[in-house]
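Architecture and fold: a report
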2 protein chains.
Amino acid sequence: MSRRDPGPPPGGRSAGGKLLAVLDAFTRERPALTLSELARATGVPLSTAHRLVAELCAWGGLERSADGRYRVGLRVWELGALAPRGLGLREAALPFMEDLYEVTHENVQLAVRQDTEVLFIERFAARDAVPVLTQVGGRFALSATAVGLVLLAHAPAEVQERVLAAPLHRFTEHTVVDPRRLRAVLAEVRRAGCAVSDRQVTVDAVSVAAPVLARGEVVAALSVVVRGSSAAAVRSVTPGVRAAARAISRAVEQAGLTPEVLSAQPAG
Amino acid sequence: MSRRDPGPPPGGRSAGGKLLAVLDAFTRERPALTLSELARATGVPLSTAHRLVAELCAWGGLERSADGRYRVGLRVWELGALAPRGLGLREAALPFMEDLYEVTHENVQLAVRQDTEVLFIERFAARDAVPVLTQVGGRFALSATAVGLVLLAHAPAEVQERVLAAPLHRFTEHTVVDPRRLRAVLAEVRRAGCAVSDRQVTVDAVSVAAPVLARGEVVAALSVVVRGSSAAAVRSVTPGVRAAARAISRAVEQAGLTPEVLSAQPAG
DNA sequence: AGGGTACTTCCGTGTGGCGGAAGCCCGGTC
DNA sequence: GACCGGGCTTCCGCCACACGGAAGTACCCT
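Here the structure is a predicted model, which is why all the values come from computation and not from measurement.

Observations regarding the protein's contact with DNA strand C
Taken together, 17 residues sit near DNA strand C, with Ser14(A), Ser36(A), Arg64(A), Ser47(B) and Thr48(B) positioned nearest. The contact atoms of DNA strand C, taken as those within 4 Å of the protein, divide so that sugar and phosphate hold 72%. Between DNA strand C and Arg64(A), the relevant distance is 2.9 Å, taken from a phosphate oxygen to a side-chain nitrogen or oxygen of the residue. Residue assignment for the surface near DNA strand C shows that the elements contributing at least two residues are helix H2 (35–42) and helix H3 (46–59) of chain A together with helix H3 (46–59) of chain B. Residues of the surface near DNA strand C, tallied by class, amount to 7 nonpolar, 7 polar and 3 charged.

This is the structure we're talking about:
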């Protein structure tokens, strides 16, 4: 290698690590890459990238279409289906989310926290519901959405501090960006047992979220997003969200999903 | 290595390949493994497995809970969400599946073919619908389910031959296991444009499936499973399934998902 | 034709993956 | 409390195998 540092190289990574770096190159914004793009994105020499990609293709982790671009393969999707916080959680929550959806016909969302972001696990949206920025498999800042507020309010202190220390992104004029105010909001979320995001992400949407618990720990959050310009619009769906979140909590426990299994962040 | 063969070792695999082998050890039946189990399952020495697993954990591909077991991590789920045939297809199909579900309140399923098996991408089931053996992220034989018949009927000849050459698994007394009869069934599926599985998987369920097309190629199949003991039970839902499948086809094309992107099986 | 881009293949080099072995921790048993 | 066994972690020297530069191929576009 042309690098001279003996420590762990920042970009390159060792052996199998390169393989993972190739997978990391795929994002929602760039879900299809040519070999050269891949090599550039990962900083791996072309010939090496070529070999790694061939290996991943043979395994099913990547697929190549006739236009020469690579995409994430179905094998990865299939494997991901085994993640407890992915499909496991979803399976438990689905029936209740469906009920909520049928009753409201608004956006119904289920999300978990991953480090300092929300990750959306499931979402139903009627064709005529308010458009929202979130999508399944997509991430979002913790501080703006209702699900995010619930998850943040019950996150370890260390995580909260990290979020509060970093500058908070402003989406609309209603977005809370003052750390002091956010602290107050989080306290209120803990007291009330649910969170409201009033036009903090988009100016035409309000959302309510309630926590999903496993053995007393918050492991996910459920929300409904409705069109509206004030918290009043939210009042009618709040009981439904809270009830569904409780029902999901029960289903989660019944499915044998403990907070242990549903927490695990970095590990070693 | 203690092996003496110079060719590609059957189990061990090379470098990054071992890493993928570790991931492969996780299945729906064994979604949580200890380090030792992992080492045994992959045939990799314990110390090597330890290193690989640490690498995967650091990346987020595996998570370790306090009981010492490893599970597939959320990072894999997130990546899998980028697979066109996974979430991409699902996103396009979801609204129409919801409609169908609301109208019928029966099992509504979306599946694709992966080599000689069906893989279920999405499924809705009311709490009181017929219990079925399939689950999202799970595989199944092509020859028995209605979705499988649709996918098999329009698969490349080479795939059909392989399926017909292998012994066909019998689930119930109605399962078609004679290759000659199956050929006839497939021809009828192609002619009719939809498939019926009459108690071929479980004795109390009948299902109808219709193909989802992209630029004229069959890329997925949609089905509804209803309780019933004869094909008559199916008649009432057939038009709905066919209409929804067509609607999904349109949505798939509109989403820019070409057959190219949705086909790609092995690649090199 | 010529230059550019993208992909594929080859092969000598040396590095980092490999795995045996020893040590550690915990829980069960006598 | 000593002993034992199973599972996990760490260490380290050897050498296979991954690495990537370079040359070759294919296919644009000018």
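Focus on the protein's contact with DNA strand D
Contacts to DNA strand D come from 16 residues, most closely from Ser47(A), Thr48(A), Arg51(A), Ser14(B) and Ser36(B). In DNA strand D, atoms within 4 Å of the protein come from the sugar-phosphate backbone in 72% of cases. At a separation of 2.6 Å, a phosphate oxygen of DNA strand D approaches a polar side-chain atom of Thr48(A). Taken together, the residues of the surface near DNA strand D sort by class into 6 nonpolar, 7 polar and 3 charged.

Some details on the pairing of strand E5 (residues 117–124) of chain B
Residues and elements named next belong to chain B. Among the 8 residues of E5, 7 are classified as buried, and the element is accordingly described as predominantly covered. When strand E4 (residues 107–114) meets E5, the two strands line up antiparallel, connected through 7 bridges. Looking at the pairing, Val-108 lines up with Phe-124 of E5. Turn length for the E4-E5 hairpin, with the two strands adjacent in sequence and antiparallel, is 2 residues, and the turn residue Asp-115 shows positive phi of about 55°. When E5 meets strand E6 (residues 139–141), the two strands line up antiparallel, connected through 3 bridges. When the bridges of E6 are listed, Val-118 appears paired with Phe-140.

As for the domain arrangement of chain A
Looking at the assigned domains, one finds that chain A contains domain 1 (16–79) and domain 2 (84–263). Relative to domain 2 of chain A, the C-alpha centre of domain 1 of chain A lies at a distance of 32 Å.

Comments concerning the relation of the copies chain B and chain A
Turning chain B through 180° and shifting it by 0.0 Å along the axis lays it on chain A, with an RMSD of 0.0 Å. Between the two chains, the operation in question is that of a two-fold axis. Among all C-alpha atoms of chain B, that of Gly16(B) lies closest to the rotation axis, at 2.3 Å. An overlap of 100% is found between the interface residues of chain B and their copies at the interface of chain A, pointing to a shared contact surface.

Rules used throughout
Residues numbered from 1 in each chain as written. Chains lettered and ligands numbered in written order. Predicted model: local features only at pLDDT ≥ 70, side-chain atom pairs only at ≥ 80, totals over all residues. Heavy atoms only, no water. Near = heavy atom within 4 Å. Polar contact = N/O pair within 3.5 Å; in protein donor to acceptor, adjacent residues only side chain to side chain. Helix = DSSP H or I, 4+ residues; strand = E, 2+ residues; numbered from the N terminus. Nonpolar A, V, L, I, M, F, W, Y, C, P; charged D, E, K, R; others polar. Buried < 20%, exposed > 50% of the residue type's maximum accessible area, 1.4 Å probe, protein only. Pairing = 2+ DSSP bridges. Domains from an automatic or database assignment. Least-squares fit on C-alpha atoms with pLDDT ≥ 70 in both. Contact = heavy atoms within 4.5 Å.

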